[in-house]
Amino acid sequence: MKVTREMGTVLTDTTMRSPVYLDVRTTPMIKLYGFYEPFRRVPEAVAKATSATVTRLHTMGPSARVRFRTNSDIIVIHADLSNEERTGSMPILATSSFEMYFVEDGKHIYKGSFVPSQGEGKNYVECRLKDKPVMKDVILYFPINSSVENFYVGLRENAELEEGGSYTYETPVLFYGSSIVHGIGAARPGMNYPSQISRMLDTNVYNLGFGGGALGEPAILDFIAEQKMSVFVYDYDHNAPNAEHLEKTHYAGYKRFRAKQPNTPIIMASKPDWDLINDNSNPEINEKRMRIIENTYLRAKAEGDENVYFINGFTDFYPSDLRGDCTSDGCHPNDLGYHFMAKAFAEILKKLL
């Protein structure tokens, strides 16, 4: 279909008047991924029943995407942001920016970033990237650590707009866990490990990482157990306040999920940074935590569950000679660390998918 002025939204505050601004929530040709509803990763009632932290973070969009096809020579982002949370281990490129990939011959190719540049007092991102006026399959990633109030894609008037291509695996891999699942420490929105896995395997993903807020609570696990998914990645070791909490909740959370999804494959993982210098750098305690997760896996296997898998975060993620180079702050992975995490999960996922 051709992009017309009548399809667009007239923005009151904009630096560019010529594009037609299409609301991603209401334009049928633009597919939205990674949210339960625009723009919440879980329903508000579930977030509030889980914790104040999840309530604060559930409107952020790590690994959320829109996808469409167009021959427009300009692609413009206009998005109203709120709840931006800057951290010392992340640049603005990750916390508050969008980024663009094209899918070409099944490969996801990075094409550029849309960075906030409106100055003090402006709460929106608006910038554009140019390309040839040929059809392309476009994926735009949401910021990792900001909430999006409104999101418009600006295209050239009279350009063609079609529904984007499908993933090879449209049923999502669902990830639940800590700030490491969320993507803290990544340099760009598409560099957390669930997003890298999405591109490696051409699979849809659903990221329920909540930095500091993944404690294995019943409310969030009950919600997760009701979602359609191909594989469940269970990775909240880092947020359990102590080994006792982890032991109390990890196997119980597994059973809670299994009660509603008896056959869905589950990958359980422990954290990668147990010997690096940070507030959680006690190797003895961290090995105890890893054993708790491993014991959930072994117990499940002993009970006859053949759809469980285990990744030891210390031995299976970072190469031993690059451990220090894989982190942004001694705790969270950087892009290199997330790459190695994605590869480790992908080795299992590609067999399951």
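Each value, and the rule that gives it
- Residues numbered from 1 in each chain as written.
- Predicted model: local features only at pLDDT ≥ 70, side-chain atom pairs only at ≥ 80, totals over all residues.
- Heavy atoms only, no water.
- Buried < 20%, exposed > 50% of the residue type's maximum accessible area, 1.4 Å probe, protein only.
- Helix = DSSP H or I, 4+ residues; strand = E, 2+ residues; numbered from the N terminus.
- Contact = heavy atoms within 4.5 Å.
- Core = buried A, V, L, I, M, F, W, Y, C linked by side-chain atoms within 4.5 Å.
- Polar contact = N/O pair within 3.5 Å; in protein donor to acceptor, adjacent residues only side chain to side chain.
- Salt bridge = Lys/Arg side-chain N within 4 Å of Asp/Glu carboxyl O.
- Phe/Tyr/Trp six-rings, centres within 6.5 Å; stacked < 30°, edge-to-face > 60°.

**Student:** So what about helix 6 (residues 218-225)? Which residues, and what values?
**Tutor:** Of the residues making up helix 6, those classed as buried are I220, L221, F223, I224 and A225. Looking at the buried side of helix 6, the elements it contacts are helix 1 (44-50), strand 11 (169-177), strand 12 (203-209), strand 13 (231-235) and helix 7 (243-260).

**Student:** Tell me about the nonpolar core, residues and numbers included.
**Tutor:** Core analysis: the biggest nonpolar cluster contains 37 residues, and Y193 and F345 have the highest contact counts within it. Dropping the residues within four chain positions of it, F345 is found in contact with Y193, I197, V233, D235, I267, A269, I311 and F317. Residues I224, F257, M290 and F310 belong to the second largest nonpolar core, which totals 36 residues.

**Student:** Explain the environment of R299 to me, using residue names and the numbers behind them.
**Tutor:** Here R299 lies in helix 8 (residues 283-302). In this structure the C-alpha to C-alpha distance between R299 and Y251, which are 48 residues apart in sequence, comes to 8.6 Å. Polar contacts involving the side chain of R299 include one to the side chain of Y251, which spans 3.4 Å.

**Student:** Summarise the pattern of salt bridges; cite the residues concerned and give the values.
**Tutor:** This model, assessed by the stated rule, comprises 26 salt bridges. Residues R25 and D23 are paired through a salt bridge, measuring 3.2 Å at the closest nitrogen-oxygen approach. Relative accessible area serves as the criterion here: at 10%, D23 is assigned to the buried category. The salt bridge involving R69 is made with E162; its shortest N-O contact spans 3.4 Å. Placement of the pair is R69 in strand 3 (residues 65-70) and E162 in strand 10 (residues 161-163), with a sequence separation of 93 residues. Under the relative-accessibility criterion, R69 is labelled partly exposed at 26%. One salt-bridge network, held together by shared partners, links E37, R40, E44 and K48.

**Student:** Which residues make up the packing of aromatic side chains, and what values do they have?
**Tutor:** Tallied over the entire structure, the rule returns 20 aromatic pairs. Ring geometry for Y101 versus Y110: centroids 5.6 Å apart, planes at 65°, classification edge-to-face. For Y101, a relative accessible area of 3% translates into the label buried. Under the relative-accessibility criterion, Y110 is labelled partly exposed at 35%. For the pair Y297 and F310, a centre-to-centre distance of 6.0 Å together with 25° between the ring planes defines the contact as stacked. Here Y297, found in helix 8, pairs with F310, found in strand 15 (residues 308-311); they are 13 residues apart in sequence, far enough to count as distant.

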